[in-house]
Protein chains: 2
Amino acid sequence: MYLPHCDILIARLRQAGLRITPQREMIVEAIAHSASHLTAEEIYLRVSQPARPVNLATVYRTLELLTEMGFVSRLDLGGGQVSYAAQHHGSHIHLVCRRCGTVIDAEQGLLEALRRQLQAQYHFAADLGHISVPGLCVKCAVSG
Amino acid sequence: MYLPHCDILIARLRQAGLRITPQREMIVEAIAHSASHLTAEEIYLRVSQPARPVNLATVYRTLELLTEMGFVSRLDLGGGQVSYAAQHHGSHIHLVCRRCGTVIDAEQGLLEALRRQLQAQYHFAADLGHISVPGLCVKCAVSG
DNA sequence: CTTAGTGCAAAGGATTTGCAAGCCC
DNA sequence: GGGCTTGCAAATCCTTTGCACTAAG
């Protein structure tokens, strides 16, 4: 990967005047190394070891922090739980089937054009790294 | 508006073999007439009158129904509550500021091209009527 | 009539919060 | 040392569910 590695993220947190605790390091690592999106609980399960327990509340607080700093993005993929993903996975869309809940990850070149246009027209700096789009997958479109 | 009015939605529910209750009519009306997205509770507040009370649980159940039928889409605009919007408002994007939570509604011509491409490449019938995109609004981009 | 739909109340789950103790800087 | 962070546990809050009753078709 070429873009922000977890060390860089840690450095930025420090630059922002935030304290680097082992908990935060582990959480950043977990999310940065994951190939895809994770729920708060999944992160908690990966991070909290018997030897060095991390509290779920801390996971939530850290995720909120990272989200606000723009390092991770929140996704609603349905199912009542919010997912989080690092911003460096390359732009892609999560196609979420509204019928069966399946999530398809789609690469999409059109996103860059969209990002530029949103910046120009609305002065909005969009994080198009991870957006979710509802719809119907083939299977459900056929059966429905 | 040219596209589905609430009467048409009601008719489709009936065609689907579902029963048309006053509660469902009111909920469909509320969401179809609203100019933008609403949370379940906002819909509840609009729909439930002292004279003819509607239960919150019914609102949730109806929204789930309408979502599955594809009449409304669920949006996570942050803030812990899910919002719902009718599908006939014309394609637009909800730009959600990850810092201050402001939601900007953006018209976007690029969406149609995107929809076609998702259909062609992934056989996914995307509802691009309402998607949300995280990012930073001008104000927060400047102050941040 | 039949059975989907509603209301009510209680359960369920994810996320948040208050506060004392701990640790980074 | 000072104050940001954590852990813990309780509190919140949104949403779902079970069940008896009501009403749409």
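Residues numbered from 1 in each chain as written. Chains lettered and ligands numbered in written order. Predicted model: local features only at pLDDT ≥ 70, side-chain atom pairs only at ≥ 80, totals over all residues. Heavy atoms only, no water.

Examining the pattern of salt bridges
With the rule as written, the count across this model stands at five salt bridges over all chains. Taking the shortest distance from any N to any O, the salt bridge between R115 of chain A and E112 of chain A comes out at 2.9 Å. Residue R115 of chain A and its partner E112 of chain A are both found in helix α5 (residues 110-122); the two are separated by three residues, about one turn of the helix. For R115 of chain A, a relative accessible area of 28% corresponds to the partly exposed category. A relative accessible area of 35% means that E112 of chain A is categorised as partly exposed. In this structure, the salt-bridge partner of D127 of chain A is R98 of chain B, at a minimum N-O distance of 2.5 Å. Here R98 of chain B lies in the loop between β4 (92-97) and β5 (103-107) and D127 of chain A lies in the loop between β6 (125-126) and β7 (130-136), a pairing that spans two chains. (Salt bridge = Lys/Arg side-chain N within 4 Å of Asp/Glu carboxyl O. Helix = DSSP H or I, 4+ residues; strand = E, 2+ residues; numbered from the N terminus. Buried < 20%, exposed > 50% of the residue type's maximum accessible area, 1.4 Å probe, protein only.)

Considerations on the domain arrangement of chain A
Residues and elements named next belong to chain A. On domain assignment, one finds that chain A holds domain 1 (1-88) and domain 2 (91-144). Each of domain 1 and domain 2 was reduced to a C-alpha centroid, and the two centroids are 23 Å apart. Between domain 1 and domain 2, the buried area comes to about 620 Å², and carbon and sulfur atoms account for 58% of it. When the buried area of domain 1 at its contact with domain 2 is split by residue, L75, L77 and Q87 rank highest and sum to 59% of it. Linking domain 1 with domain 2 are zero salt bridges, by the criterion used here. (Domains from an automatic or database assignment. Buried area = accessible area lost by both parts, 1.4 Å probe.)

Description of the sheet that holds β6 of chain A
If you walk across this open sheet you meet the four strands as β6(A)-β7(B)-β4(B)-β5(B), and the pairing is mixed. Sheet topology places β6 of chain A together with β5 of chain B at the edges, where each strand pairs with a single neighbour. Two elements, β4 of chain B and β5 of chain B, share five bridges in a ladder whose sense is antiparallel. Each residue of the ladder has a partner; that of H94 of chain B, found in β5 of chain B, is D105 of chain B. The strands touched by α5 of chain A within the sheet are β6 of chain A together with β4 and β5 of chain B, with β5 of chain B carrying the most contacts at an inclination of about 110°. (Pairing = 2+ DSSP bridges. Contact = heavy atoms within 4.5 Å. Axes fitted to C-alpha atoms, helices over the stretch in contact; angles between N-to-C directions.)

Let's talk about the protein's contact with DNA strand D
Surveying the vicinity of DNA strand D reveals 18 residues, the closest of which are R19, Q23, T58 and R61 of chain A together with Y60 of chain B. Taking the atoms of DNA strand D that fall within 4 Å of the protein, sugar and phosphate contribute 67% of them. Between DNA strand D and R61 of chain A there is a distance of 2.8 Å, counted from a base nitrogen to a side-chain nitrogen or oxygen. One of the backbone nitrogen or oxygen atoms of I20 of chain B is found 3.0 Å away from a phosphate oxygen of DNA strand D. The set of elements that each furnish at least two residues to the surface near DNA strand D consists of α2 (22-33) and α4 (56-69) of chain A together with α4 (56-69) of chain B. Looking at side-chain class alone, the surface near DNA strand D contains eight nonpolar, five polar and five charged residues. (Near = heavy atom within 4 Å. Polar contact = N/O pair within 3.5 Å; in protein donor to acceptor, adjacent residues only side chain to side chain. Nonpolar A, V, L, I, M, F, W, Y, C, P; charged D, E, K, R; others polar.)

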